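Examining the three-dimensional arrangement
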Amino acid sequence: MTSEESINLLAVVIDTNPIAWATAAQDSRCPLDFGRVLEQLLIFINAHLALRFDNELVVIASHTNQSLFLYPPQLSDTDQPPDASSKPANTYKQFFDVNQAVIKTLKDLITESKSPEDVDDKSMLAGSLSLAQTYINRIRRANDPTPLQSRILILSVSPDLPSQYVATMNCIFAAQRVGTRIDVCRFRGKHYGEESVFLPQACHLTGGLYMEIPEAENLLQYLLYAFLPDPYMRSVLCLPEKDQVDFRAACFCHKTVVDVGYVCSVCLSIFCSVSKQCPTCQTQFGGQ
Amino acid sequence: MASPRFRCPVSYKKRNGQLSLGAHEFDWTLDGAEQPELRIPYSAVKAQAQNKSEKVILKVSLWAQNGQPEVNHNFTFLSTNAAKDRQKVIETLAYHISQRSGTGSGPPSASGTPQHPGAGVPKGGTLSAEERQIRLAILQDNKELGELFKTLVLSNLISEEDFWATRQHLMTYQKWQKNQKKGVLGTIADVRPTDSDGSDMKFKITDDVIASILAQFPPVRKAYEANVPNKMTKETFMRKYLESKFYQRNRGPGSSGSDAFFAQYEEEEDDDYAVHPKRAKYESSHLLLDLAAQTEDHLETGNRPDTTMRAGGVRSSLPLIRQFNRVSEGVLKANIKPSSTQTKEPTADEVYLRSTELDDLRPAEGPIAKALEIADATKYFQSQVGLSTSTPVERQQLNASQLLRTFSKAVQNWEPILSKTAVSRASGDSILQQLNTLTKKRKRDYQRNRALSSTVAKDAMALHAAAKELLHNYWSAITEKDTEKLTRIVTVLQDILDKARNFDKDSRDGPNNVSKSAAFKAMQDSVERAIRLHKKRRVEDRHRFLSI
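Calculation rules
Residues numbered from 1 in each chain as written. Chains lettered and ligands numbered in written order. Predicted model: local features only at pLDDT ≥ 70, side-chain atom pairs only at ≥ 80, totals over all residues. Heavy atoms only, no water. Helix = DSSP H or I, 4+ residues; strand = E, 2+ residues; numbered from the N terminus. Buried < 20%, exposed > 50% of the residue type's maximum accessible area, 1.4 Å probe, protein only. Contact = heavy atoms within 4.5 Å. Areas by Shrake-Rupley, 256 points an atom, 1.4 Å probe, with all protein chains shown as cover. Salt bridge = Lys/Arg side-chain N within 4 Å of Asp/Glu carboxyl O. Pairing = 2+ DSSP bridges. Axes fitted to C-alpha atoms, helices over the stretch in contact; angles between N-to-C directions. pLDDT = per-residue confidence, 0-100. Patch = residues over 30% accessible without salt bridge, like charges linked within 9 Å, V, L, I, M, F, W, Y side chains within 5 Å. Lys, Arg positive; Asp, Glu negative; His and termini not counted. Charge placed at Lys NZ, Arg CZ, Asp CG, Glu CD. Parallel < 35°, antiparallel > 145°, perpendicular 65-115°, else oblique. Left-handed = near helix turned anticlockwise from the far one by under 90°. Nonpolar A, V, L, I, M, F, W, Y, C, P; charged D, E, K, R; others polar. Expected span 1.5 Å × (residues − 1). Polar contact = N/O pair within 3.5 Å; in protein donor to acceptor, adjacent residues only side chain to side chain.

Regarding the overall build of chain A
- For chain A, the helix and strand inventory stands at eight helices and ten strands.
- In chain A, buried positions account for 52% of the 288 residues.
- Restricting the contact set of chain A to residue pairs at least 6 apart, pairs at least 24 apart contribute 71%.
- Approximately 13300 Å² of chain A is accessible, and the part contributed by carbon and sulfur atoms is 53%.

Here's what the structure looks like:
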């Protein structure tokens, strides 16, 4: 599969959890400015589109209770078509379209959020990943004879959701199966963006890149350096990566990392000490 | 000469002549010539070989002399008892070859290095030709062993006896393999014409091919057994076979062959109502008894199957009827579209099962899956998350609604002008530096994991093998009183030790500076120990010598 023939599809999943971003913005040491981050992301997206004429793009927002396509915009009947006349003369049309669509939809999404009781501090990561992969599948079928090389870039600042563990892992395995690389850009600070467990595993399993950004001011440099090359070039380039992925198991009762432990044969939960009954699934450990 | 010379008609280089065996040489004379054209002393003969086909050929190879390549002579035996003649010549030559190798000296060393390491001459005792051949075969098969042999034995570091003393198992295995009788080749031979030019096709048929053809087609086998070798030769038979449908069938449709010859062997006795049918088809339904049958059902027939309607009563019309049936079956099949659900013949098990199993009696099966009752689902998955050993983030307790409000206001007021977006140069550069260092580290890790290049690895392995062999010999010779031998071994060991130490300097493998001599550490330790022990003994001996 030469690089000339295949189409590159970049799927960007933006974590738009307002509470996480707001908390990060209030951070004393290194505040995150959502606007700045998005600007740099848009420049990166433009760069991706500029690389080749047939590069594809999809942008998905992972909100607290829904996942939404930011680009390509989904026009409902009531919306007016985008205003073509407002385009400045010396702007490339495709860039302009993308920028406008993303900004507009994102603004609508965040400002329409209702009262704080409905909004939780979480982000629908698994849903967005599924959405991205189904879109990738659709584009792959639409271009059927031409091979498609796809990758997903996740910008994340929210903590991991334990209830979404199974769903997230399933998405990761599906991506691994298809060959879609998942890259993660995680914003890390003193009071936000704690270490995630799913995301480094996602990168490791699919062959993607996991980067922790200490300062969001210079996000563009990181994006252009590490995340711009398409999958074909990745095999030739050597990119900076996190060495160790933490695969260690933690016991279910104390949440401490264990090296040697006991495993329930029914629900596969790990414990550090023997007991007559599994606390998770209540199977009796009988025996001689 | 006490006994008359043995003579036999032999053709050499396509000319007929006589081969005669003398006391010290054998020669070949062209028919009608006075002097022998070819005179070969027994001492010059290195080996002989015979072929297995119809022609009785003996190949005699001579030692390579004075830089010339090895000379081979091929003799074809022509007499009626060609095989016996050849056997006699072989025995004589073999006797002389073994005689010569047992007592005489080896080939002149000026002949240059032989192609494979020739089995050297043992110091004492004779070595039968067979054993020599075995050793030669082992060395040829196992390239590494051959190399080791060359470096160690041919440079007289270790005597050949010692070398083979530890490798008895190899010799027994090889001997066993040689003597193993191999059966007929079992592959199904695909007969194809060689050099087919137009209508004239040549086929190469060996015994193996014939055997496989006979195994494939029983009628052909019957015909073969009946005809060959009495009524027709193998060749004629094979010709008939190739013209027949058996061969033509494989080649593809449309080519009909003459089947008359094989037809007579093909027909089977087909009598459907014979008392003991030849191939009794197993009808599973026969074993099922109809328990509801009454006496009245059995009045006419008893227990026999109904035989009032016997088809094929007139034997002579059977082939015609069969042909008719076959054709009509074909016509029907071609015209009726086969149903999508192909009804297969039910197997015997299925037939019995259907008759004997009653649905009412089958126990109700419970559901297979058991629901996993996890008491507290969130706790179950929570252990996967929150593993961070790093300092946990201190969530500042801020007012959620206030946060939300400020955030959405900020987003609403955000009007990006992308052309004005800038990244500060200095911080951008510093990030670039960081990423570059990370990348360099990654690249170094890649290269470190790369395997050593093949030549370097080979050299290292060869060195290691030599050291192992020498150590083996040293420790087994330690009980002997042959100090000279031990000293010799130790000097070579020292040499190897130095080579191992300098291994790095000789072969630089790019920026991969992982010290290769570290790989030899274990070997170095053992070599050093042997050397140390030897030195200590030398000192002790000297003391003992002096104190006497």
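Alright, that's what it looks like, and here's the rest.
Digging into the pattern of salt bridges
Residue and element names in this part refer to chain A.
- Under the definition given, this model contains 16 salt bridges over all chains.
- A salt bridge links aspartate 183 to arginine 234, with the nearest nitrogen and oxygen atoms 2.7 Å apart. Separated by 51 residues along the polypeptide, aspartate 183 in strand β5 (residues 181–187) and arginine 234 in helix α8 (residues 231–234) bring together distant segments of the chain. Like aspartate 183, the residue arginine 234 is buried in the burial classification.

Points about the sheet that holds strand β3 (residues 25–30) of chain B
Residues and elements named next belong to chain B.
- Strand order across the open sheet formed by seven strands is β4-β3-β2-β1-β7-β6-β5, with antiparallel pairing between neighbours. Strands at the two margins of the open sheet, each flanked by one partner only, are β4 (38–41) and β5 (45–50). Averaged over neighbouring strand pairs, the angle between their axes works out to 30° when direction is ignored.
- Bridge count for β5 against strand β6 (residues 56–62) is five bridges, and the pairing is antiparallel. By the bridge assignment for β6, alanine 49 is matched with lysine 59.

Some words on the confidence of the model for chain A
- When pLDDT is averaged along chain A, the result is 83, and 89% of the positions lie at 70 or above.
- Least confident of the elements in chain A is strand β7 (residues 249–250) of chain A, whose mean pLDDT is 70; most confident is helix α4 (residues 125–142) of chain A, at 94.

Things to note about the sheet that holds β5 of chain A
All names here are of chain A.
- Spatially, β3-β2-β1-β4-β5-β6 is the arrangement adopted by the six strands of the open sheet, whose pairing is mixed. A single partner strand is all that each edge strand has here, and the edge strands are β3 (67–71) and β6 (210–213). Mean inter-strand twist for the sheet, computed between neighbouring axes without regard to direction, equals 20°.
- Inspection of the sheet shows strand β2 (residues 56–62) paired to β3 by four bridges, in the antiparallel sense. Counted as the bridge partner of alanine 61 is leucine 68 from β3.

Considerations on a nonpolar patch on the surface
- Nonpolar side chains collect at one region of the surface, where Tyr232, Met233, Val236 and Leu237 of chain A lie side by side and expose about 340 Å² of accessible area between them.
- In this fold, tyrosine 232 of chain A is placed in helix α8.

Side note on a negative patch on the surface
- Taken together, the side chains of Asp290, Glu296, Asp297 and Glu300 of chain B make up a negatively charged region of the molecular surface.
- Relative to the helices and strands, aspartate 297 of chain B resides in the loop between α10 (260–266) and α11 (318–335).

Things to note about the packing of helix α6 (residues 207–216) of chain B against helix α8 (residues 234–243) of chain B
All names here are of chain B.
- As a packed pair, α6 and α8 sit with axes 13 Å apart at the nearest point and diverge in direction by 50°. In terms of orientation, α6 lies oblique with respect to α8. Of the two elements, α6 crosses α8, and the hand of that crossing is left-handed. Contacts between α6 and α8 involve Asp207, Ile210 and Ile213 on the former and, on the latter, Lys234, Met238 and Tyr241.
- Of the residues in the contact of α6 with α8, the class split is four nonpolar, no polar and two charged.

Overview of unusual backbone geometry
- Tyrosine 71 of chain A connects to proline 72 of chain A through a cis peptide bond whose omega is 0°.
- Its place among the elements puts proline 72 of chain A in the loop between β3 and α3 (93–111).
- Not every positive phi belongs to a glycine, and lysine 14 of chain B is a case in point at roughly 65°.
- Tracing the chain through its elements places lysine 14 of chain B in the loop between β1 (6–12) and β2 (15–21).
- Residue class for lysine 14 of chain B comes out exposed when judged on its relative accessible area of 83%.

Details of the side chain of aspartate 183 of chain A
- The class for aspartate 183 of chain A is buried, based on a relative accessible area of 1%.
- Those residues in contact with aspartate 183 of chain A that sit more than four places away from it in its chain are Arg151, Ile152, Leu153, Ile154, Cys203, Gly208, Leu209, Phe227 and Arg234 of chain A.

Topic: α3 of chain A
- The first and last C-alpha atoms of α3 of chain A sit 27 Å apart over 19 residues, in line with the 27 Å expected at 1.5 Å per residue.
- Restricting attention to buried positions, one finds in α3 of chain A the residues Phe95, Phe96, Val98, Asn99, Ala101, Val102, Ile103, Thr105, Leu106, Lys107, Leu109 and Ile110 of chain A.
- Check the buried side of α3 of chain A and you find it contacts α2 (34–51), β2 and β3 of chain A together with α14 (400–412) of chain B.

Side note on the environment of glycine 22 of chain B
Residues and elements named next belong to chain B.
- Mapped onto the elements of the fold, glycine 22 is located in the loop between β2 and β3.
- On the basis of relative accessibility, which here comes to 13%, the residue glycine 22 falls in the buried class.
- For glycine 22 and tyrosine 42, which are 20 residues apart along the polypeptide, the C-alpha to C-alpha distance reads 9.3 Å.
- When neighbours within four sequence positions are excluded, glycine 22 is seen to be in contact with Arg5 and Tyr42.

Some points on the side chain of serine 158 of chain A
Residues and elements named next belong to chain A.
- Looking at the secondary structure, you find serine 158 in the loop between β4 (148–156) and α5 (165–178).
- Among the polar contacts listed, one links the side chain of serine 158 to the side chain of aspartate 15, at a separation of 2.5 Å.
- A polar side-chain atom of serine 158 sits 3.3 Å from a polar atom in the side chain of asparagine 17.
- In this structure, serine 158 is in contact with Asp15, Asn17, Ala20, Ser123 and Arg186, ignoring residues within four places of it in sequence.

Digging into the pairing of β2 of chain A
Residue and element names in this part refer to chain A.
- In terms of burial, β2 is a largely internal element, six of the seven residues being buried.
- Strand direction decides the pairing type here: strand β1 (residues 7–15) and β2, joined by seven bridges, are parallel. From the neighbouring strand, aspartate 15 faces β2, where its bridge partner is serine 62.
- The turn linking β2 back onto β3 is made up of four residues.

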